[in-house]
Amino acid sequence: MLIIKDISHLKLYLKAYQEKGYSIGYVPTMGALHQGHGKLLKQSQNDNQKTVMSIFVNEKQFNKKEDFDKYPRNKGRDYDFCESHNVDVIFEPSSEEIYPDDKPILKNKYFQNILCDRFRPGHFDGVTTVLNEFFSIVHANKVYFGQKDYQQLKIVEKFIEEKFSNLKIISIPTERQEEGIAYSSRNENLSKKQLQEFIDFHNSVIQFTKSFDKKIQIKEANTLAKNFITNLVDQEFDYFEFRNANSLEIEGDISDARLFYAIYKGQTRLIDNIEL
Ligand code: AMP
């Protein structure tokens, strides 16, 4: 397994394979790796002759410095994870190299003012900015994103269509723990009690999604969703609502919808979305 820390070395390494016409798969991550990342990796290894996994905690996508500081990091464990998952190359550049002083921030143009964009202003500008850099460096044939971060996936689909039309985006269903919650790096920040509360919350949400007629309109379902969430004592949340899975609008019936939530356990913000 190779750990490459600078752009020029990665380009040099990949050039030889690209000249031979190898297909390159790319899995962008922020580390604190888990089985969700593992699923993206496995699909890339299955589809491509070489896979690059990047590990880069992107400061530009955190709208609060404390959140960036608190983001779980564990290099030793990440390297072990990659070794046991047969990763070819880890790309782990420095912030200085990715963000030289004059690097402008790209403004995201898609799916604005809803869901995470509404509550984390600038977050998707940071995501778009870092991906613009990494996509230009890696020059992959395929890139892998999880449905766990659904709004991000939809935004990146549009961004790729506009700016990297030779790159194919592959969307991977959410990998879940036995208890039902999604694997997430942020779960590491939860105490045992918070984790159990989150599992109980998620399972009650699943019961809620099973409790009504699937032919009702998204608007009506959102009235039920609002009652459900406001009746839960002490549950702090940014959003808890159904939206159409393609347009992310509140329109049509709920057969094509997903339920999106962002909740807090202590200081930890947790997001998920549930296919009905
Ligand atoms: P992150 O390291 O959190 O930035 O995530 C890197 C990639 O892994 C993103 O495309 C995420 O959507 C994806 N991902 C994170 N958690 C999961 C999961 N539980 N199942 C599938 N994909 C995931």
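Cut-offs used in this document
Residues numbered from 1 in each chain as written. Predicted model: local features only at pLDDT ≥ 70, side-chain atom pairs only at ≥ 80, totals over all residues. Heavy atoms only, no water. Helix = DSSP H or I, 4+ residues; strand = E, 2+ residues; numbered from the N terminus. Rg over C-alpha atoms; globule rule 2.2 N^0.38 Å. Buried < 20%, exposed > 50% of the residue type's maximum accessible area, 1.4 Å probe, protein only. Near = heavy atom within 4 Å. Polar contact = N/O pair within 3.5 Å; in protein donor to acceptor, adjacent residues only side chain to side chain. Areas by Shrake-Rupley, 256 points an atom, 1.4 Å probe, with all protein chains shown as cover. Pairing = 2+ DSSP bridges. Axes fitted to C-alpha atoms, helices over the stretch in contact; angles between N-to-C directions. Contact = heavy atoms within 4.5 Å.

A. Focus on the overall build of the protein. Within the protein, the regular secondary structure consists of ten helices and nine strands. For the protein, the C-alpha radius of gyration of 19 Å lies close to 19 Å, the compact-globule estimate for 276 residues. Considered along the principal axes of its C-alpha atoms, the protein spans approximately 55 × 40 × 40 Å. Buried residues in the protein amount to 53% of all 276 residues.

B. Layout of the site of the ligand. The full set close to the ligand counts 17 residues, and Met-30, His-37, Asp-149, Glu-175 and Tyr-183 are the nearest of them. Gly-146 is positioned such that a nitrogen or oxygen atom in its backbone is 2.9 Å from an oxygen atom of the ligand. Taking Tyr-183, its main chain carries an N or O atom lying 2.9 Å from a nitrogen atom of the ligand. Across the complex, the protein chains shield 92% of the 480 Å² of accessible surface that the ligand would expose by itself. Of all the secondary structure elements, the ones that give two or more residues to the shell around the ligand are β2 (24–29), α2 (35–47) and β5 (142–146). Here the shell around the ligand takes three residues from α2, the largest share from any one element.

C. The sheet that holds β2, seen in detail. What the six strands build is an open sheet, ordered β1-β4-β3-β2-β5-β6; its pairing is parallel. Only two strands of the sheet have a single partner each, and these edge strands are β1 (2–4) and β6 (168–172). The mean angle between the axes of side-by-side strands here comes to 25 degrees, regardless of whether they run parallel or antiparallel. In this sheet, strand β3 (residues 50–55) lies alongside β2 in parallel orientation, the contact comprising six bridges. By the bridge assignment for β3, Ile-24 is matched with Lys-50. This element, helix α7 (residues 123–138), spans β2, β3, β4 (89–91) and β5 of the sheet and lies at about 155 degrees to β2.

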